[in-house]
Amino acid sequence: MFGLLDCNNFYVSCERVFQPRFEGRPVVVLSNNDGCIISRSAEAKALGLAMGAPYFQVKDVLRQHGVQVFSSNYALYGDMSRRVMWYLGQVTPGVEIYSIDEAFLDLHGLDQYMQPYLGGGLEAFAHTIRANVKARTGIPTCLGVAPTKTLAKLANRVAKKNPDLGGVLYLDSAERRAWALEQVAVSDVWGIGRQYAQKLTAAGIDSAADLAKVSEAWARKMLGGVVGARLVRELQGYPCSGLHPSEDGTLSRQSISCSRTFGRPLTAHNDVRAAVASFLTRAAEKLRAQGDQAYVLTVYVQKNRFDPKVPPPYSRSATLTLPGGPSADTRVLAQYAGHLLSKILEPGCTYHKAGVVLDGLEPPTTGQQLGLFAPAAPVAEAAAKVSADRPQLMTTLDGLNARFGRGTVRLGSAVPTTLIGGRAPWQGQAQWQSGAFTTRLEDLLTVS
DNA sequence: TCTGGGGTCCTAGGACCC
DNA sequence: TCTGGGGTCCTAGGACCC
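The rules we used
Residues numbered from 1 in each chain as written. Chains lettered and ligands numbered in written order. Predicted model: local features only at pLDDT ≥ 70, side-chain atom pairs only at ≥ 80, totals over all residues. Heavy atoms only, no water. UniProt positions renumbered as here; feature names shortened; annotations may be inferred. pLDDT = per-residue confidence, 0-100. Contact = heavy atoms within 4.5 Å. Buried < 20%, exposed > 50% of the residue type's maximum accessible area, 1.4 Å probe, protein only. Helix = DSSP H or I, 4+ residues; strand = E, 2+ residues; numbered from the N terminus. Pairing = 2+ DSSP bridges. Axes fitted to C-alpha atoms, helices over the stretch in contact; angles between N-to-C directions. Parallel < 35°, antiparallel > 145°, perpendicular 65-115°, else oblique. Left-handed = near helix turned anticlockwise from the far one by under 90°. Nonpolar A, V, L, I, M, F, W, Y, C, P; charged D, E, K, R; others polar.

- As annotated in an unreviewed UniProt entry, chain A carries the name Y-family DNA polymerase and comes from Hymenobacter setariae.
- Looking at chain A in UniProt, the text filed under Sequence similarities (unreviewed entry) is "Belongs to the DNA polymerase type-Y family."

In structure tokens:
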């Protein structure tokens, strides 16, 4: 059996843990740059506020109903997430962290085992987990338990929609499974997005139960090949995907990116360059934190796609397989990024957003291979020289930034040449950010 | 004026090889 | 001029996820 534990309205719940006066009131959390709504309390949902709604379009509604607005505070959410995941790791044989607020649990063989302890077996165990997460972290959750991941997701969803279930649904019998499948619209099945939902309803497939009845060939044809076939099999109760435990409570990525919409449109290439250098710095930090090097680097810039005066294409990108071999050195990566950027920046263009992506991630190879396949290109030569010089520098830099705060020590190229209101020109708004209650000493709550 | 950010997996098609 | 079958690797793009 698989469990799927999902935190309810996670970001809103995190804010409420530290400011309980917002309990029972409508609350929303906004995306970066205070752009759109990314988390809503039940009360906010009841007001008709949609997920992803742009703030500027709904701000009157927010004000009218006295909705409490927060800018996103990832230092807080990330830390709360680690606490939840850590606890799950203590009580189950395997945890796959699926996202900041969701985890699959390995519950195989636990039903019999739990019976003598909890009487009700797995179902009672699920209730215990949920209660303990709430008691230890303050975060409310729902837990679906079923023979496949897809059914566990579905069970979780049904548990969320039916408060009488007490936050847990265990699909242990064919009858319960059939009932649960009837409750869920096909568009709400895990793996069915907008495009597929449209195709399916056009074909008269409206519920998850309908989808569970289609033939494999039909699923392959309509739902993107093998993915669709697996999805239907999983709905029928045959597992097609196992649990991939997250080692020591962290997630290891196959690609790492960092991108931002700028706080204001940027025209000066120097500003865009500094922004990209700072995004690259962040991406390289994440790369080293997971103990990898990157072999492939992509840089992209975007114009404003919402501006009718700007013709497509909105985005230009350039990708490079590092000629000097994989690297985790910010200086090396930044040099290549600057080079890639020169290929895609156009004079007189106004940019809205930029980003970097690191791919081809692998652990550092032992031994010195520098220079062996040394490329002739001047950029590569310069880059190789840089990384050979003081190889410990990145470790030192990460140590300093961990101790004294992110950005304490930076590359010169990532430092903005001008500041606007004390911030770099690419940094956005975060008008309503709460404190880093759990990770910054100055923000600790005081109890009087 | 203001519209997020970070991921995964799969398929198709081209280049190249024997 | 006609003309095979299989394999690998890479990239671009689509669809989906939270």
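### Some remarks on the confidence of the model for chain A
- Model confidence for chain A is summarised by a mean pLDDT of 91, while 96% of its residues fall at 70 or above.
- Here residues 367-376 scores under 50 on pLDDT; set against residues more than four positions off or in separate chains, the count is nine contacts.

### Thoughts on the pairing of strand S6 (residues 102-106)
- Of all five residues in S6, four are buried, a share of seventy percent or more.
- Relative to S6, strand S5 (residues 95-99) runs antiparallel, the two being bridged by four bridges. What sits directly across from Ser99, in S6, is Glu102.
- Where S5 hands over to S6, the hairpin turn is made up of two residues, counted between the paired strands.

### Let's talk about the packing of helix H13 (residues 269-289) against helix H14 (residues 330-344)
- Where H13 meets H14, the axes come as close as 9 Å, and the angle between the chain directions of the two elements is 140 degrees. Comparing the axis directions of H13 and H14 gives the class oblique. For H13 against H14, the interelement crossing comes out right-handed. Every residue of H14 that contacts H13 at Val272, Arg273, Val276, Leu280, Thr281, Ala284, Leu287 and Arg288 is listed here: Thr330, Leu333, Ala334, Ala337, Gly338, Leu341 and Ser342.
- Here the residues of the contact of H13 with H14 sort into nine nonpolar, four polar and two charged.

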